[in-house]
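Structural overview for review
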Amino acid sequence: MDEILLQFLNGLDKGGAYALIALGLTLIFGTLGVVNFAHGALFMLGAFCAVSFNLLLSLQKVTVDPTKTTAWGTPLEVRTPYVEAYLGDFGHWILNYSVPVSILLAIPVMLLIGFAMERGLIKHFYTRPHADQILVTFGLAIVLQEIVKSIYGANPIPQVAPDVVSGAADIGAMLGLGAGVIVYPWWRMVYLLFSLVVIAIVFAFLQFTTFGMVVRAGMADRETVGLLGINIERRFTIVFAIAAVVAGLAGVMYTPILPPDYHMGMDFLVLSFVVVVVGGMGSLTGAVSAGFLLGILQSFASMNEVKAIFPGIDQIIIYLVAVVILLVRPRGLMGRKGVMEN
Amino acid sequence: MKTRLSPVGDMVLFAAFTGAVLTMPIWLAPVGAGYPDLLQKFAIYGLFATGFNILFGLTGYLSFGHAAFLGVGSYTAVWSFKLLGMNPIPAVLLAIVVSGIFALLIGYVSLRRSGIYFSILTLAFAQMCYNLAYSVLTPITNGETGLRVLETDPRIFDSTTRAEGPLISKLFGFDMTGYPGFYFCAVLLIIGFFVAQRIARSPFGTMLKAVKSNQNRMTYTGLNPRPYTLAAFVISGMYAGLAGALLCITDPLAGAERMQWTASGEVVLMTILGGAGTLLGPILGAGLIKYFENIFSAFNEHTLSSIFSFLPDFLKELAVAISSLFVGEGWQLTLGVLFMLIVIFLPGGIMEGLARIGKLFRRIGRGSDKSHATAPAE
Amino acid sequence: MEILKVSGVNKSFGGLRALNNVDFSVEQGTVHAIIGPNGAGKSTFLNCMIGRLVPDTGTVMFGDISLTGMKPYEINQVGVSRVFQTPEIFGDLTLLENVMIPTMAKRDGQFALHAFRRLDQDKEIRDRALHMLEDVGLAEKKDMHSGSLSRGDKRRLELAMCLSQEPKLLLLDEPTAGMSRADTNNTIDLLKRIGDRGITKVIIEHDMHVVFSLADKVTVLAQGTIIAEGKPADIKGDPRVQEAYLGGAHL
């Protein structure tokens, strides 16, 4: 029982990341009709927003403290980050909270990147075949990750969660199942909540604003909305930028869970595509539920008991589910007719 | 697309191709590619891309999982070395058969869907193969270390042979390294090209083009598209298996990374770069990519600064700084940029570019008065 | 003799009844037109006959073969060809290849793995295809890509593709839709010429001029039900038909 609960929890945060990426992917599919293979790269760029912010904050000022000397007799050099030197405690606080605070940096940056990508590249591919869209965004993904590699190197750069949430919660004890049975890192819980909030914001935005209404109408029937004389092009740009921000935020907050490296986007992209296909191309709820579902399934498949029965199942579960779903329900769990079908 | 050659034209093309492949060591020497290791790579990836093109170029089905068959071919070949001995011929034959069976299974399932769904399904299968090769299938694949031939392996037909260094594949007493290794691959490339050419000109090939052009019309014409696409899938899987086996003849080592989806992406790029749907394009694309990979990844700051030495100092440093992003470790960046440029500006690949240039010259030569003779009569 | 017999076909989409107990039969060697106002269920009816849709109830018999539940390519293989409202051709291929493909489908069946034979050396197929192109007057364009043809030519090409299979029954969905008067008349002439070969034809048409120049018999469909059937002259005067066409503005 507690083992199951633990795996369930373990699957949720990964599921949250899948859901956020898949949400953006399917939003772009549904409205723009574009298959974006560079979406994982946006996730990765978000993660590196957090890395850059942290690096920026950690720039150190070197002062020489003449009153003290090192063991070799030279004056001691004291290194303090500039923010701490100038802002004191507040600076220290920001440094500690660099991951969540970098969201403030990530939003404008990702908006800008999304805007530039759509205007500069994607918009020229609206009428091109899907194969071309896949190929050009695949090329873009390679370019983006190689640029990041050349700046930050190939090694993962670990980020730390703020001290307050750095430990783990003993959920077992809270639920009266006994201490130490279910230990769950606080930050993963934060991530889960965060992803739920972002998902809720996106849904609310689409549900309650006129803009969102038009976007939803466009997902249902693109031609009609075009005929209504609504400026679709500008909305496409905004939708793309929103999807970029969502992917970026998913990346920012994931850094304390997985130290970011340049190819993390590709790893997540492949899985997120599978999530979108399982959820049903063009279905937002489908993407979100499939994201969590697959995250949890993956977590369960990695239990030793399960692996003992089906060796290697943890490695392939997501793909296996995708294959089965696509064959049994060709349009995915919640896909509608006519989306991405020639 | 100018693919409608007469039988004589085809024979000339084939003869020219054969000649060009066999003399590669000579005419590629001036550009620094005249050594057997690289030439062998040209031939192997040329085969891989030629096979991929039978599926993608003719039917339009974009597989993102062809690296799986490359990997299966490699593992099969190494096992053939381990069990049967170091002769490359059974290894190659077995690799073709086994990867064909894999392709039949994966294709049968994946081809129930088309478009983006097909791409995702093939990707999913390839990733499954990759992940399994790394984990539970370790007894067969030897996991992360990769599968290699050991002195202690049974090697039924040549177990008595002992080698000083690493075991190397042998045919008729020739070690499959250096030029013998290249020529073995080159001969197979020529055969592979011949088969692809025959397919492209055959009724079967025409049906594959019909699949790409209009499946709806095809079904209402009394044709079942699925067996056609499946046959194309299996054939292209066999080419990939063959290429995988050839990768092992000089260096009998098979690793799971050969199945990773980046490898699948690479063969797509080769095909697109050269020109999907053309016969020579994919081979050209494969050669160019392997060539540039080889040249560019060997560059370093030192070679760069000697290249830009004619510039004034500050410009030189700038040029070196910028260009060093694209070479050496950064070769992948060049690849990505190239990929994008081709898809954006030249979707037909190099072959289309050549055709455009050719047309331009013909028009100049002929004068502009006749150039509209083939315009559609409305 | 009846070549096609449709009995008791019903088809609903959601709550909407598109076809209501339709009985219909076509005599061998005749030209049978199906007319009706927009939304009468003509296309649904055609799709039920050709295997694109499966009727909820009822049977479609072609000679003594039941077409119900058969795949489109199987239906074609027993001798039913179809011309679409917007011409469906192989746009990336040449005109000659376009006609050779159905000719091969007729000879070799739904799948044949002839991977090592040269297509251009297959004299039988090539000659038949060329002959067919000559018949529709497209022979001199045989090496052009069909995608660049005019709409009228595409239609003629599609017709040539269907005819090359020597079908027993040819279904035509608005064969003159969107054509100029001159093109329409050309098509009528062409269809009349095919009539000489004894191919049974079912035509769905809006244009009464076409219907009355070609049809031996006319069936009128309105709201998924057959409301009249008979010789063109009789149908012209039928008050129910006038009514269905909103006061007979089209007649």
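Quick notes on the rules
Residues numbered from 1 in each chain as written. Chains lettered and ligands numbered in written order. Predicted model: local features only at pLDDT ≥ 70, side-chain atom pairs only at ≥ 80, totals over all residues. Helix = DSSP H or I, 4+ residues; strand = E, 2+ residues; numbered from the N terminus. Rg over C-alpha atoms; globule rule 2.2 N^0.38 Å. Buried ≥ 20, exposed ≤ 12 C-beta atoms within 10 Å, placed from the backbone. Pairing = 2+ DSSP bridges. Contact = placed C-beta atoms within 7 Å. Nonpolar A, V, L, I, M, F, W, Y, C, P; charged D, E, K, R; others polar. UniProt positions renumbered as here; feature names shortened; annotations may be inferred. Domains from an automatic or database assignment. pLDDT = per-residue confidence, 0-100. Axes fitted to C-alpha atoms, helices over the stretch in contact; angles between N-to-C directions.

A look at the overall build of chain C
What chain C contains, in helices and strands, is 9 helices and 10 strands. Computed over the C-alpha atoms, the radius of gyration of chain C is 19 Å, within 12% of the 18 Å expected from 2.2 N^0.38 for a compact globule of 251 residues. Considered along the principal axes of its C-alpha atoms, chain C spans approximately 60 × 40 × 35 Å. Burial statistics for chain C: of 251 residues in total, 45% are counted as buried.

Some points on the pairing of strand β7 (residues 169–173) of chain C
All names here are of chain C. Of all the 5 residues making up β7, 5 are buried; the element is thus mostly covered by neighbouring parts of the structure. Along β7, one buried face is formed by L169, L171 and D173 and the opposite face, lined by L170 and L172, is buried too. Looking at chain direction, strand β6 (residues 80–83) and β7 are connected through 4 bridges and run parallel. Note on β7: the bridge partner recorded for S81 is L170. With 5 bridges joining them, β7 and strand β8 (residues 200–204) adopt parallel strand pairing. The residue of β8 that forms the bridge with D173 is I204.

A look at the interface of chain B and chain C
Taken together, the contact between chain B and chain C spans 27 residues of the former and 32 residues of the latter. The set of elements that each furnish at least two residues to the side of chain B that touches chain C consists of α8 (178–201), α9 (203–213), α10 (215–219) and α11 (225–250) of chain B. Considered class by class, the residues forming the side of chain B that touches chain C number 12 nonpolar, 9 polar and 6 charged.

A closer look at the UniProt feature "transmembrane region" (unreviewed entry) in chain B
All names here are of chain B. Per the UniProt record, "transmembrane region" (unreviewed entry) is annotated on residues 12–35, 42–69, 89–109, 116–137, 181–200, 227–247, 267–292 and 333–355. Between the first and last C-alpha atoms of residues 116–137 the distance is 29 Å; the span itself is 86% helix and 0% strand. Between the end C-alpha atoms of residues 227–247 the distance is 30 Å, and the span holds 100% helix and 0% strand.

A few points about the domain arrangement of chain B
Residues and elements named next belong to chain B. Partitioning chain B into domains gives domain 1 (7–278) and domain 2 (299–363). Averaged C-alpha coordinates put domain 1 and domain 2 at centres separated by 29 Å. Counting residues at the interface gives 7 residues for domain 1, matched by 8 residues for domain 2. When its residues are assigned to classes, the side of domain 1 that touches domain 2 shows 4 nonpolar, 3 polar and no charged.

Section: the confidence of the model for chain B
Mean pLDDT for chain B: 82, with 90% of residues reaching 70 or above. Of the regions scoring below 50 in pLDDT, residues 369–378 of chain B engages in 6 contacts with residues more than four places distant in sequence or in other chains.

Looking at the sheet that holds strand β5 (residues 65–66) of chain C
Pairing between the strands of a sheet is mediated by backbone hydrogen bonds and can be parallel or antiparallel. Residues and elements named next belong to chain C. The strand order across the open sheet formed by 4 strands is β2-β1-β4-β5, and the pairing between neighbours is antiparallel. Of all strands in the sheet, those with a lone pairing partner are β2 (16–27) and β5, marking the two edges. Alignment of strand β1 (residues 2–13) against β2, held across 8 bridges, turns out to be antiparallel. Within β2, the position partnered with K5 by the bridge is S25. Along the sheet face, helix α1 (residues 42–50) touches β1, β2 and β4 (57–62) and points at about 60° away from the line of β2.

Points about the domain arrangement of chain C
Residues and elements named next belong to chain C. Segmenting chain C into domains produces domain 1 (1–79 + 167–251) and domain 2 (94–166). Distance from the C-alpha centre of domain 1 to the C-alpha centre of domain 2: 26 Å. With 11 residues of domain 1 at the interface, the matching set in domain 2 holds 12 residues. Among the secondary structure elements, those contributing two or more residues to the side of domain 1 that touches domain 2 are α2 (72–77) and α6 (181–195). No other element matches the 4 residues that α6 contributes to the side of domain 1 that touches domain 2. Counted by class, the side of domain 1 that touches domain 2 contains 7 nonpolar, 3 polar and 1 charged residues.

Let's talk about the sheet that holds strand β10 (residues 225–230) of chain C
All names here are of chain C. If you trace the 6 strands from one edge of the open sheet to the other, you get β6-β7-β8-β3-β9-β10, paired in mixed fashion. Either end of the sheet is taken by a strand with one partner, and the two such strands are β6 and β10. Within this sheet the neighbouring strands show an average axis-to-axis angle of 20°, counted without direction. As paired elements, strand β3 (residues 31–35) and strand β9 (residues 217–222) share 4 bridges and run parallel to each other. Residue pairing across strands places I34 opposite T219, the latter belonging to β9.

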